[in-house]
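Structural description and commentary
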Amino acid sequence: QVQLVESGGGLVQPGGSLRLSCAASGTVLSIYVMGWYRQAPGKQRDLVATITYNGMTNYADSVKGRFTISRDNGKNTVYLQMNSLKPEDTAVYYCTATGVTGNSWGQGTQVNVSS
């Protein structure tokens, strides 16, 4: 079992930045891919970005050029740097980790982008 704890959400103005963090514990050696999803009220949970153990990344088209996913394997932590934030980025952001046994999920952290 992999445990994930997210932090860094909050309120930011349009055009601003936030950095989300997700610390993994438990069976961390089984993790191949980590990533971020987000879900706005009344909307489906959508993929934001993923990163493999060796640093290969993938992004949703809506965040390309604005968000950057990274990881520190020594700290078992994945980050999401969010720049040029838009109101439509408002959502609960969930960290996920994928291994041979399936997916683990964090509790979610709220991001509000508003004037």
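Whatever comes next refers back to the structure up there.
A brief report on the enclosed structure follows.

Procedures and definitions
- Here the residue index of a chain counts from 1 through its sequence in written order.
- Totals for whole chains, interfaces and linings use every residue, but because this is a predicted model, local features are given only for residues with pLDDT of at least 70 and side-chain atom pairs only at 80 or more, for both listing and counting.
- Where side-chain values are given, they derive from all heavy atoms of the structure, hydrogens and water being excluded.
- Any two strands with at least two DSSP bridges between them are considered paired.
- Counting from the N terminus, the helices are the DSSP runs of H or I reaching at least four residues and the strands are the DSSP runs of E reaching at least two.
- Any Lys or Arg side-chain nitrogen located within 4 Å of an Asp or Glu carboxyl oxygen qualifies as a salt bridge.
- In this scheme, a residue with accessible area under 20% of its type's maximum is buried, one over 50% is exposed, and one in between is partly exposed, where area comes from a 1.4 Å probe on protein chains only.
- Every definition here rests on a 1 Å grid over the protein atoms only: cavities are sets of points where a 1.4 Å probe fits but cannot get out, pockets are open sets enclosed by protein on both sides within 12 Å along at least five of seven lines, and lining residues have some atom within 4 Å of a point.
- Grid points are joined across faces, edges and corners, and a volume is the space filled by probe spheres set on the points.
- Here the aromatic set is Phe, Tyr and Trp, taking the six-membered ring for Trp, and pairing holds for ring centres within 6.5 Å; pairs whose planes are under 30 degrees apart are stacked, those over 60 apart are edge-to-face, and all others are tilted.
- Contacts are residue-level and defined by heavy atoms, with any inter-residue pair within 4.5 Å sufficient.
- Throughout this description, a polar contact denotes any pair of N or O atoms lying within 3.5 Å of each other; where both atoms belong to protein, one of them has to be capable of donating a hydrogen while the other can accept it, and for residues adjacent in sequence the pair is counted only when both atoms sit in side chains.
- Axis definition: a line fitted to C-alpha atoms, over the contacting stretch in the case of helices. Angles run 0 to 180 degrees between N-to-C directions.

Brief notes about the pairing of strand β3 (residues 18–26)
As judged from the six bridges shared by strand β1 (residues 2–7) and β3, these two strands associate in the antiparallel manner. Bridge assignment links V5 to a residue of β3, and that residue is A23. Judged from the six bridges that link them, β3 and strand β8 (residues 77–82) form a sheet pairing that is antiparallel. Counterpart to A23 in the pairing with β8 is T77.

Focus on the pattern of salt bridges
Here the structure, examined in full by the defined rule, presents three salt bridges. The salt bridge involving R38 is made with D89; its shortest N-O contact spans 2.9 Å. Note that R38 is positioned in strand β4 (residues 31–39) and D89 in the loop between β8 and β9 (91–99), a separation of 51 residues in sequence. Taken individually, R38 and D89 each receive the classification buried, so the pair is uniform in this respect. Across the pair K64 and D61 runs a salt bridge, and its minimum N-O distance is 3.1 Å.

Overview of the layout of surface pockets
Within this model, the largest pocket holds a volume of roughly 150 Å³. If you go around the largest pocket, you meet 14 residues; those closest to its centre are R38, A40, Q44, D46 and E88. Sorting the residues of the lining of the largest pocket by element identifies β4 and β5 (46–52) as the ones contributing at least two each. Looking at the lining of the largest pocket, the element that brings in the most residues is β5, giving three residues.

Description of the environment of N112
Looking at where N112 falls in the secondary structure, it is placed in strand β11 (residues 109–113). Spatially, the C-alpha atom of N112 lies 27 Å from that of K75, the residues being 37 residues apart in sequence.

Considerations on the packing of aromatic side chains
The tally for this structure, following the rule as stated, stands at one aromatic pair. Where Y37 meets W105, the ring centres are 5.0 Å apart and the plane angle is 65°; that geometry is what we call edge-to-face. Pair noted here: Y37 is in strand β4 and W105 is in strand β10 (residues 102–105), with a separation of 68 residues, a long-range link. The class of Y37 is partly exposed, set by a relative accessible area of 24%. Residue classification places W105 among the partly exposed residues on the basis of a relative accessible area of 36%.

What about the environment of R38?
When its relative accessible area of 13% is taken as the criterion, R38 is described as buried. C-alpha of R38 to C-alpha of G65: the two residues are 27 residues apart in sequence and 17 Å apart in space. Look past the residues within four positions of R38 in its chain and what remains in contact with it is Q44, R45, D46, V48, S62, V63, F67, E88, D89, A91, V92 and Y93. Looking at R38, its side chain comes within polar contact range of the side chain of S62, at 3.4 Å. For R38, the side chain forms a polar contact with the side chain of D89, separated by 2.9 Å.

Details of the sheet that holds β3
Backbone hydrogen bonds hold the strands of a sheet together, and the pairing may be parallel or antiparallel. On the basis of which strands lie adjacent, the open sheet formed by four strands has the order β1-β3-β8-β7 and antiparallel pairing. Only two strands of the sheet have a single partner each, and these edge strands are β1 and β7 (67–72). Across the sheet, the mean angle separating the axes of adjacent strands is 15° when strand polarity is ignored. Both β7 and β8 contribute to a ladder of six bridges, which runs antiparallel. Along β8, the bridge assignment pairs I69 with L80.

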